[in-house]
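Summary of the model geometry
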Amino acid sequence: MSLKQEPTADGSQTLYSERYGQTFHSDKGAVTESKHVFLWASGVTARLERSLTASILEVGFGTGLNFFLSADLALKTETPMTFVSLEQSLLSSETVQGLGYEEGLEHPELLTDYCQFRDALGPEPGGKQVFKFKDVRLELLLGEATEQNLGENRFDAIYQDAFSPDANAELWSETFFTKLLHALKPGGKLTTYSVKGEIRRRLKSLGFEVEKIPGPVGGKREMLRATKV
Ligand SMILES: C[S@@+](CC[C@H](N)C(=O)[O-])C[C@H]1O[C@@H](n2cnc3c(N)ncnc32)[C@H](O)[C@@H]1O
């Protein structure tokens, strides 16, 4: 994948993918988007702050930003967290380190250890790879996301962070959303930055309770939260 580093409006960095013609995060602020759309809106922030364990599934590991921020909060609150993430092409440690995300972490050693783990995997890893840091467990399911076994009633939250529905259609299909619905626990929440009407209708038709809620400060006006009832 040909990637170019770009600054975003809150001062944090992102990557532009030529293959998808999009950035990995909002150009209005990568860290701001991640904390609001994924950690906060999904209920993960509230769970960890109340010392409730969190089990999270992410669609698209990318730079790992959502993982680093979630894990940093789990470490701060001393709460166990399991984070399963789907990714077809794991970025090198050099690319991740170049983004400087450790500057915003209370536990920057998390990122240093992750990069050592990444280096040990070699250039193009596949299969299931597990990284552990204190009470944080990361399971990377490497390969085509739609082919992974995601199980039933396992996750409190799903971070749907694929590229846009137009560019990355297989990760927004009815078949894939059905898998995500089964993988969520009842009451679990899937959140995403896209509020496209077609996506809202698809989620509703599968039985999710769908809400448009305010987006991050300085970012998109609205975002989507879908709850498994
Ligand atoms: C928008 S980026 C994810 C951003 C990421 N969450 C972060 O914080 O950096 C989307 C990711 O999905 C991955 N991806 C796209 N299509 C995929 C597929 N069919 N299977 C697995 N991974 C896929 C891309 O390689 C990319 O890393």
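Attention here is on the structure that accompanies the text. Each chain has its residues counted from 1, following the order in which its sequence is written. Side-chain atom pairs in this predicted model are given and counted only at pLDDT of 80 or more, local residue features only at pLDDT of at least 70, and totals for whole chains, interfaces and linings cover all residues. For side-chain calculations, the full set of non-hydrogen atoms in the structure is used, while hydrogens and water are omitted.

**Digging into the environment of D72**
To keep it simple, the criterion reads: Helix and strand definitions follow DSSP, with helices as H or I runs of at least four residues and strands as E runs of at least two, each counted in order from the N terminus. Burial classes: relative accessible area under 20% of the type maximum marks a residue as buried, over 50% as exposed, and values in between as partly exposed (1.4 Å probe, protein chains only). Contact between two residues is taken to exist if any of their heavy atoms lie within 4.5 Å; hydrogens are not considered.
Residue position: D72 is located in helix α3 (residues 65–76). For D72, a relative accessible area of 8% translates into the label buried. Here D72 is in contact with G104, L105, E106, H107 and L110, once residues within four sequence places are set aside.

**Focus on the packing of helix α1 (residues 30–40) against α3**
Definition in use: Axis definition: a line fit to C-alpha positions, over the contact stretch in the case of helices; interaxial angles, taken between N-to-C directions, run 0 to 180 degrees. Between 65 and 115 degrees an angle is taken as roughly perpendicular, under 35 as roughly parallel, over 145 as roughly antiparallel, and anywhere else as oblique. Throughout, a crossing is termed right-handed when the near helix is turned clockwise from the far one, and left-handed when it is turned anticlockwise from it by less than a right angle. Gly is placed with the polar residues, together with every amino acid not listed as nonpolar (Ala, Val, Leu, Ile, Met, Phe, Trp, Tyr, Cys and Pro) or charged (Asp, Glu, Lys and Arg).
Where α1 contacts α3, the two axes come as close as 10 Å, and the packing angle between them is 65 degrees. On the basis of their axis angle, the class for α1 and α3 is roughly perpendicular. Crossing handedness for the pair α1 and α3: right-handed. The segment α1 lies against α3, with A30, V31, S34, K35, F38 and L39 engaging L65, N66, L69, S70 and L73. Per-class residue counts for the contact of α1 with α3 are 7 nonpolar, 3 polar and 1 charged.

**What to know about the pattern of salt bridges**
So the rule is basically this: A pair is scored as a salt bridge if a Lys or Arg side-chain nitrogen falls within 4 Å of a carboxyl oxygen belonging to Asp or Glu.
Counted by the stated rule, this structure contains 13 salt bridges. Residues D156 and K185 are paired through a salt bridge, measuring 3.0 Å at the closest nitrogen-oxygen approach. You can see D156 sitting in strand β8 (residues 155–160) and its partner K185 sitting in strand β9 (residues 184–192), a full 29 residues away along the chain. We classify D156 as buried; its relative accessible area is 10%. Given a relative accessible area of 30%, K185 falls into the partly exposed group.

**Considerations on the packing of α3 against helix α5 (residues 109–120)**
Axis separation between α3 and α5 bottoms out at 10 Å; the angle between their running directions is 125 degrees. As judged from the angle between their axes, α3 and α5 are oblique. Here α3 runs over α5; the crossing is right-handed. Mapping the contact onto sequence places F68, A71, D72 and L75 in α3 and L110, L111 and Y114 in α5. Among the residues forming the contact of α3 with α5, the class breakdown is 6 nonpolar, no polar and 1 charged.

**Remarks on the pairing of strand β7 (residues 136–142)**
Heads up, the rule is: At least two bridges found by DSSP between two strands is the condition for calling them paired.
Among the 7 residues that make up β7, 6 are buried, leaving the element largely enclosed by the rest of the structure. Here 7 bridges tie strand β5 (residues 81–87) to β7, and the two strands are oriented parallel to one another. Bridged to F83 within β7 is L138. Sheet topology note: the strand β6 (residues 127–133)/β7 ladder contains 7 bridges and is antiparallel. Note that in β7 the partner of K128 across the bridge is L141.

**Quick word on the site of the ligand**
Which entries qualify depends on this criterion: Proximity is defined per residue: if any heavy atom of the residue lies within 4 Å of a molecule or strand, that residue is considered near it. In protein, a polar contact requires one atom able to donate a hydrogen and another able to accept it; more generally it is a pair of N or O atoms within 3.5 Å, and residues adjacent in sequence count only if both atoms are side-chain atoms. Grid points spaced at 1 Å over the protein atoms alone were grouped into cavities, where a 1.4 Å probe fits but cannot get out, and pockets, open sets with protein on both sides within 12 Å along at least five of seven lines, with lining residues defined by an atom within 4 Å of a point. For a cavity or pocket, the test is whether more than half of a molecule's atoms lie within 2 Å of its grid points; if they do, the molecule sits there.
Taken together, 23 residues sit near the ligand, with G60, T63, E87, D161 and E170 positioned nearest. Side-chain polar atom of D161 to a nitrogen atom of the ligand: 2.7 Å apart, as the coordinates give it. Here the ligand is seated within the largest pocket. Residue classes in the shell around the ligand are distributed as 9 nonpolar, 9 polar and 5 charged.

**Re the side chain of T79**
Relative to the helices and strands, T79 resides in the loop between α3 and β5. The class for T79 is buried, based on a relative accessible area of 2%. Not counting residues up to four positions away in its chain, the partners in contact with T79 are L48, S51, L52, T53 and A74.

**Some thoughts on the nonpolar core**
The line we're drawing: Among buried residues, those of type Ala, Val, Leu, Ile, Met, Phe, Trp, Tyr and Cys that are joined through side-chain atoms within 4.5 Å constitute a nonpolar core.
Ranked by internal contacts, the top residues of the largest apolar core, which has 71 residues, are F67, M81, Y114 and L180. Per-element tally for this core: the top contributor is α3, with 8 residues. Residues in contact with Y114, not counting those within four places in the same chain, are F61, F68, L90, F131, L138 and L140.

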